[in-house]
Amino acid sequence: MLLLPTHTVTVLSRPSPTRDRQNNRIVDWSTATRTSYRGRTEPLSSSETVRQGDQVITYLTCFLPPSAAVTEYDRAEVDDVTYEVDGKPDVQTGHGSLAVLAYMRVTLKLVTG
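Overview of the structure.

How each quantity is defined
- Residues numbered from 1 in each chain as written.
- Predicted model: local features only at pLDDT ≥ 70, side-chain atom pairs only at ≥ 80, totals over all residues.
- Heavy atoms only, no water.
- Salt bridge = Lys/Arg side-chain N within 4 Å of Asp/Glu carboxyl O.
- Helix = DSSP H or I, 4+ residues; strand = E, 2+ residues; numbered from the N terminus.
- Buried < 20%, exposed > 50% of the residue type's maximum accessible area, 1.4 Å probe, protein only.
- Pairing = 2+ DSSP bridges.
- Contact = heavy atoms within 4.5 Å.
- Patch = residues over 30% accessible without salt bridge, like charges linked within 9 Å, V, L, I, M, F, W, Y side chains within 5 Å.
- Areas by Shrake-Rupley, 256 points an atom, 1.4 Å probe, with all protein chains shown as cover.
- Polar contact = N/O pair within 3.5 Å; in protein donor to acceptor, adjacent residues only side chain to side chain.
- Core = buried A, V, L, I, M, F, W, Y, C linked by side-chain atoms within 4.5 Å.

**Things to note about the pattern of salt bridges**
Then, in step 1: Inspection of every chain in the model, using the stated rule, returns 3 salt bridges.
Then, in step 2: Note that R34 is salt-bridged to E77, the shortest N-O span being 2.6 Å. A residue pair is termed long-range when its members are at least 10 positions apart, and R34 in strand β4 (residues 33–49) and E77 in strand β6 (residues 75–78) qualify at 43 residues.
Then, in step 3: The residue E42 makes a salt bridge to R40 at a minimum N-O spacing of 2.5 Å.
Then, in step 4: Residue class for R40 comes out buried when judged on its relative accessible area of 19%.

Laid out in structure tokens, this is it:
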């Protein structure tokens, strides 16, 4: 839940793709719209593979306000590290007096190596 925000999470909204000289679709993330939210992040998992070179895949769970504008195509920055949003964000709503406990849960993924 979002009760104790621990980080500033900056969401980079995916810009519209363009075409390069070879007519390939590319996304220029330097033109992405950036929106910052106070949220909470927690490590979810980390694993290493060595089949085709060393790779480490790290997942974070990020809890944001339920009104945060995040899609499965976006990226997010936490502590100056850029993650990909992995899957669709999930909004949990409360009813009545529990509505203040509403939050959005986003899974973030980082592949290194």
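Text resumes after the structure shown.
**Here's the deal with the pairing of β6**
Then, in step 1: Where strand β1 (residues 7–13) meets β6, 4 bridges bridge the pair, whose relative direction is antiparallel. If you follow T10 over to β6, its bridge partner there is E77.
Then, in step 2: Bridge count for β6 against strand β7 (residues 81–85) is 4 bridges, and the pairing is antiparallel. Bridging from a neighbouring strand, E77 pairs with T82 of β7.
Then, in step 3: Here β6 folds back onto β7, and the loop between the two strands holds 2 residues, one of which, D79, carries a positive phi near 50°.

**Comments concerning the side chain of T61**
Then, in step 1: Summarising the element assignment, T61 is placed in strand β5 (residues 55–64).
Then, in step 2: Setting aside residues no more than four positions away along its own chain, T61 makes contact with R40, T41, E42, L44, R105 and V106.

**Points about a nonpolar patch on the surface**
Then, in step 1: A cluster of nonpolar side chains, L98, V100 and L101, forms an exposed patch at the surface whose accessible area comes to about 290 Å².
Then, in step 2: Following the sequence through the fold, L101 ends up in the loop between β8 (90–92) and β9 (103–112).

**Section: the side chain of R40**
Then, in step 1: Along the chain, R40 turns up in strand β4.
Then, in step 2: One polar contact links R40 to E42, side chain to side chain, over a distance of 2.5 Å.

**Details of the nonpolar core**
Then, in step 1: Core analysis: the largest hydrophobic core is formed by 16 residues, its most contacted members being L64, V70, V106 and L108.
Then, in step 2: Counting residues per element, the ones that place at least two in this core are β1, β5, β6, β7 and β9.
Then, in step 3: In terms of residue count, β9 provides more of this core than any other element does, 4 residues in total.

**Concerning the pairing of β5**
Then, in step 1: As defined by bridge partners, β4 adjoins β5 across 9 bridges and the pair is classed as antiparallel. Each bridged residue has a counterpart across the sheet, and for T41 the counterpart in β5 is C62.
Then, in step 2: Adjacent in sequence and paired antiparallel, β4 and β5 are bridged by 5 residues, among which G53 carries a positive phi angle near 95°.
Then, in step 3: Examined bridge by bridge, β5 and β9 share 9 bridges and lie antiparallel to one another. When the sheet's bridge partners are listed, I57 is paired in β9 with V111.

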